[in-house]
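Single-letter residue listing:
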Amino acid sequence: MASSAIDGRQLTALFIAGAANLEANKDWINELNVFPVPDGDTGTNMTLTIKSAVKEVQDLGNTDNMKDICKAMSSGSLRGARGNSGVILSQLIRGFSKVARDHDKLTVPILADAFDRAVVTAYKAVMKPKEGTILTVAKAAADKSRELADQGVTDLDEFFSQVLKEAEDVLAKTPDMLPVLKEARASSIRAERDWCSS
Amino acid sequence: MKTSLFDTHKGNVSVDTEVIAQYAASVADGCFGIVGMAGMNTKDDIANLLKRESMANGINVAVSSKKKLTIDFHVIVSYGVNIVAVSDNLVSSVRYKVEECTGLEIERINIFVEGVRRID
């Protein structure tokens, strides 16, 4: 069934599903963790961060209020942020929420704005952003979202699947951007992918 | 400028603490949530600048008699980040990078959050 907008409850469901997907891939993400410190805890850190956000959203009860849901996502991930990747995730969510909270329903143009804001917020929170990491994949997803919005795409299934594909394509190229990744023959983190999963 | 020494079987190796501070600074550059170093970006930190010259980039490195390092970071964080997570991350990243690159052991890392800056 084609749909063109997400309401508060649907956003909650998507968010919870994304968090579950992240947790399910936690060990695999831990194995990919080679930059900046190869301590193998990225998956764990991101899972803890997003679960804190999920809990805060679930504590709201069965609400459709986009503002409350976005605030909960943002403050929950801030509170529960662990590790560099957790902080990045909390910043992505913070930026996304700043746009999403002002709308009752999220359409493709609004999602493109929200993804842009997420990426801008994340990039601004560090003095020297490094390409070939989460940032690169997030930016690619946001740029693709903007492109699809400009093209007038309204169907969310099409939107999400194209954004996800772009994120995965760029993810595959990250070893060429970050030498240490190439050395380890590894790849970077799939934060955006889990955002888009539904 | 203070220096630290360690002996090898063929001679002495001396690493200037400024070099260690630079490694530490490069780690802070990549730490999410840190948007500046106090003493470098804040215009009203002249008192600190004048007091100790190694504060110029907000990082002070001291070497103990046992050749162990203590590193102080004076940072500015962005508003809306988890300060504890940012600090923990800085500590573990610095420890890894400095110990890996210099072979010197770090005894203590102190983080002073001197300010908060709105980035959004």
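What counts, and where the lines are drawn
Residues numbered from 1 in each chain as written. Chains lettered and ligands numbered in written order. Predicted model: local features only at pLDDT ≥ 70, side-chain atom pairs only at ≥ 80, totals over all residues. Heavy atoms only, no water. Salt bridge = Lys/Arg side-chain N within 4 Å of Asp/Glu carboxyl O. Helix = DSSP H or I, 4+ residues; strand = E, 2+ residues; numbered from the N terminus. pLDDT = per-residue confidence, 0-100. Contact = heavy atoms within 4.5 Å. Core = buried A, V, L, I, M, F, W, Y, C linked by side-chain atoms within 4.5 Å. Buried < 20%, exposed > 50% of the residue type's maximum accessible area, 1.4 Å probe, protein only. Expected span 1.5 Å × (residues − 1). Phe/Tyr/Trp six-rings, centres within 6.5 Å; stacked < 30°, edge-to-face > 60°. Buried area = accessible area lost by both parts, 1.4 Å probe. Polar contact = N/O pair within 3.5 Å; in protein donor to acceptor, adjacent residues only side chain to side chain. Nonpolar A, V, L, I, M, F, W, Y, C, P; charged D, E, K, R; others polar.

Caption draft 1: Structural view of the pattern of salt bridges. A complete count under the given rule lists 13 salt bridges over all chains for this structure. Across the pair Arg94 of chain A and Asp120 of chain B runs a salt bridge, and its minimum N-O distance is 2.8 Å. Taken as a pair, Arg94 of chain A in helix H5 (residues 83-100) and Asp120 of chain B in the segment after strand S6 (105-117) lie in two separate chains rather than in one. Here the salt bridges share partners, and the residues they tie into one network are Arg94 and Lys98 of chain A together with Asp120 of chain B.

Caption draft 2: Representation of the confidence of the model for chain A. Of the residues in chain A, 87% reach a pLDDT of 70 or more, and the chain-wide mean stands at 87. The low-confidence segment residues 184-194 of chain A, where pLDDT is below 50, has 36 contacts with residues more than four positions distant or belonging to other chains.

Caption draft 3: Highlighting unusual backbone geometry. A positive phi is found at Lys67 of chain B, a non-glycine position, where the angle reads about 60 degrees. Positionally, Lys67 of chain B belongs in the loop between strand S4 (59-63) and strand S5 (68-78).

Caption draft 4: Seen up close, the nonpolar core. Membership of the largest hydrophobic core comes to 84 residues, with the highest contact counts inside it found for Phe96 and Phe159 of chain A together with Ile71 and Phe73 of chain B. Among the elements that make up this core, the one with the highest residue count is helix H6 (residues 108-124) of chain A (10 residues).

Caption draft 5: Highlighting helix H7 (residues 134-150) of chain A. All names here are of chain A. Taking 1.5 Å of rise per residue, 17 residues should cover 24 Å, and H7 covers 24 Å from first to last C-alpha, within 8% of that figure. Of all 17 residues in H7, 12 are buried; the element is thus mostly enclosed. All buried positions along H7 are accounted for by Ile134, Leu135, Thr136, Val137, Ala138, Ala140, Ala141, Ala142, Lys144, Ser145, Leu148 and Ala149. Immediately downstream of H7, the backbone of Gly152 shows phi near 90 degrees, a positive value.

Caption draft 6: Representation of the packing of aromatic side chains in the model. Residues and elements named next belong to chain A. Enumeration over the complete set of coordinates arrives at three aromatic pairs over all chains. Relative to Phe159, the ring of Phe115 lies with its centre 6.5 Å away and its plane at 5 degrees, an arrangement referred to as stacked. A residue pair is termed long-range when its members are at least 10 positions apart, and Phe115 in helix H6 and Phe159 in helix H8 (residues 156-177) qualify at 44 residues. Exposure remark for Phe115: the relative accessible area of 4% places this residue in the buried category. Each member of the aromatic cluster is reached from another via a ring pair, and the members are Phe96, Phe115, Phe159 and Phe160.

Caption draft 7: View of the interface of chain B and chain A. Between chain B and chain A, the residue contacts involve 24 residues of the former and 24 residues of the latter. Of the roughly 2000 Å² buried at the junction of chain B and chain A (both faces included), carbon and sulfur atoms supply 58%. Where chain B meets chain A, there are three salt bridges. Counting the contacts that link chain B with chain A gives nine residue pairs in polar contact (both at pLDDT 80 or more). Put simply, the parts of the chain that give the side of chain B that touches chain A at least two residues each are helix H1 (17-29), strand S3 (34-37) and helix H3 (83-102) of chain B. The biggest single contributor to the side of chain B that touches chain A is H3 of chain B, with six residues. A class-by-class count of the residues in the side of chain B that touches chain A yields 12 nonpolar, nine polar and three charged.

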